Amino acid sequence: MKMIKICMVAAILFCGTKASAQEEDTYETKNEIAVSIGGATNTQIINVFSEMFSVLGEVLITGIATGGHYIGNVSYENEKNIPPLSVEYFRRIDPTISIGGIAAFNGEFHDMYCNFQRNSGDGTATTISKEKVGTGKKYYMTLMPAAKFDWLRKKNVGIYSKVAVGATLIREREVQEVDGKKEEIHDDTDVMFNFQASLLGVEVGSLKLRGFAELGVGEQGIIQAGIRYKF
């Protein structure tokens with residue numbers, strides 16, 4: 001009977017220790033994956049689209065339409081944006097430092113307009129109106145090696161900072177459409193240096209799944225929020 005009691009106590013202690021170990025193992029997970037959406041990225045702030053298309057803004061549209069012709073420079077209107085999206089992976093190499101990488105993406109779309117000078121029937125007067133003559137598209141694709149520093153790491157909350165340095169591939173294309181005919185007038189690819197420095201990050205949730213928000217500056221945005229999974 002005494003031996004049975006000893007075995008029961010040992011079993012309870014073993015199960016409790018195992019449960020604690022499992023919880024600790026979960027808490028001490030080495031890997032994490034996160035997806036997020038941000039705002040006010042580097043490429044949005046410096047307005048690369050406008051700067052790189054400034055030369056094109058001086059190009060004269062020469063298409064001729066029945067009863068008139070296009071005059072003046074191209075202007076860009078009706079801007080639409082793909083919000084900055086990011087995916088990141090980190091692996092913890094010690095209790096406070098993790099290393100990994102970040103992939104970020106966003107884009108811009110514009111309509112191209114030009115003045116159209118329409119001839120009158122008697123040839124003595126003209127009417128000028130603004131008409132759409134094409135579209136412009138631009139995509140930013142960024143890859144950055146990164147490091148994450150945990151200042152507070154509890155079971156349900158964490159505080160951290162993050163830094164990343166890399167490059168952005170810029171892909172841009174313009175298509176002119178006059179009189180129903182499409183013509184590619186610009187197709188270019190460029191690369192620029194880029195970074196992300198999140199000074200303050202806060203994550204809250206379960207041991208494995210957490211929501212987070214970050215404040216900083218860079219290609220992921222001045223502010224970003226997302227979901228992180230630890231395993």
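Further up the page is the structure itself.
This section reports on the structure supplied with the text. (Residues numbered from 1 in each chain as written. Predicted model: local features only at pLDDT ≥ 70, side-chain atom pairs only at ≥ 80, totals over all residues. Heavy atoms only, no water.)

## So, the overall build of the chain
(1) Moving on: When helices and strands are tallied, the chain shows 3 helices and 9 strands.
(2) Moving on: Mapped in sequence order, the helices and strands of the chain form the string α-β-α-α-β-β-β-β-β-β-β-β.
(3) Moving on: Here the chain, with 231 residues, has 35% of them falling under the buried criterion.
(4) Moving on: Intrachain contacts of the chain at a sequence separation of at least 6 include 65% that bridge at least 24 residues.
(5) Moving on: Accessible surface for the chain amounts to roughly 12800 Å². Of this, 64% is attributable to carbon and sulfur atoms. (Helix = DSSP H or I, 4+ residues; strand = E, 2+ residues; numbered from the N terminus. Buried < 20%, exposed > 50% of the residue type's maximum accessible area, 1.4 Å probe, protein only. Contact = heavy atoms within 4.5 Å. Areas by Shrake-Rupley, 256 points an atom, 1.4 Å probe, with all protein chains shown as cover.)

## Regarding the pattern of salt bridges
For side chains bearing opposite charge, pairing can occur when the charged atoms are close.
(1) Moving on: For the structure shown, the criterion picks out 16 salt bridges.
(2) Moving on: The closest approach of N and O atoms between E88 and K162, which form a salt bridge, is 3.0 Å. Placement of E88 in strand β3 (residues 68-92) and of K162 in strand β6 (residues 157-178) is noted, with a sequence separation of 74 residues between them. One exposure class covers both E88 and K162, and it is buried.
(3) Moving on: Between K162 and E214 there is a salt bridge whose closest N-O contact spans 3.0 Å. Of this pair, K162 sits in strand β6 while E214 sits in strand β8 (residues 209-218), and the two are 52 residues apart along the sequence. (Salt bridge = Lys/Arg side-chain N within 4 Å of Asp/Glu carboxyl O.)

## Structural notes on the environment of N156
(1) Moving on: You can see N156 is positioned in the loop between β5 (126-153) and β6.
(2) Moving on: For N156, a relative accessible area of 44% corresponds to the partly exposed category.
(3) Moving on: Leave out the neighbours within four places in its chain, and N156 touches E203, V204, G205, S206, L207 and R210.
(4) Moving on: Within the local environment of N156, its side chain forms a polar contact with the backbone oxygen of G205, the two atoms lying 3.0 Å apart. (Polar contact = N/O pair within 3.5 Å; in protein donor to acceptor, adjacent residues only side chain to side chain.)

## Notes on the pairing of strand β9 (residues 223-230)
(1) Moving on: Residue alternation in β9 divides its side chains into a buried set, Q224, G226, R228 and K230, and an unburied set, I223, A225, I227 and Y229.
(2) Moving on: In terms of strand pairing, strand β1 (residues 31-39) meets β9 through 8 bridges, oriented antiparallel. Looking across to β9, one finds that E32 is bridged to K230.
(3) Moving on: Judged from the 7 bridges that link them, β8 and β9 form a sheet pairing that is antiparallel. Within β9, the position partnered with L209 by the bridge is Y229.
(4) Moving on: Hairpin remark: β8 followed by β9, antiparallel, with 4 residues in the connecting loop; positive phi at G221, about 120°. (Pairing = 2+ DSSP bridges.)

## Topic: the environment of F149
(1) Moving on: Relative to the helices and strands, F149 resides in strand β5.
(2) Moving on: F149 gets classed as partly exposed once you look at its relative accessible area, which sits at 27%.
(3) Moving on: For the pair F149 and G201, spaced 52 residues apart in sequence, the C-alpha separation works out to 9.8 Å.
(4) Moving on: Apart from the residues within four sequence positions on either side, F149 is in contact with T96, I97, I159, Y160, S161 and V163.

## Observations regarding unusual backbone geometry
(1) Moving on: For A40, which is not glycine, the phi dihedral falls at a positive 60°.
(2) Moving on: Structurally, the position occupied by A40 is in the loop between β1 and α2 (42-45).
(3) Moving on: The phi dihedral of N78 is positive, around 55°, even though this residue is not glycine.

## Quick notes on the packing of aromatic side chains
Here the distance between the centres and the angle between the planes together describe a pair of aromatic rings.
(1) Moving on: Counted by the stated rule, this structure contains 5 aromatic pairs.
(2) Moving on: With a centroid separation of 6.1 Å and 20° between ring planes, the pair formed by F105 and Y139 is classed as stacked. With F105 in strand β4 (residues 97-119) and Y139 in strand β5, this residue pair connects regions lying 34 residues apart in the sequence.
(3) Moving on: Given a relative accessible area of 30%, F105 falls into the partly exposed group.
(4) Moving on: By relative accessible area, Y139 is classed as partly exposed at 25%.
(5) Moving on: Both rings, one in F149 and one in W151, keep their centres 6.3 Å apart while their planes meet at 15°; by these two values the pair is stacked.
(6) Moving on: Lying over the aromatic face of Y160, K148 brings its terminal NZ or CZ to 4.5 Å of the ring centre. (Phe/Tyr/Trp six-rings, centres within 6.5 Å; stacked < 30°, edge-to-face > 60°. Lys NZ or Arg CZ within 6 Å of the ring centre and 35° of its normal.)

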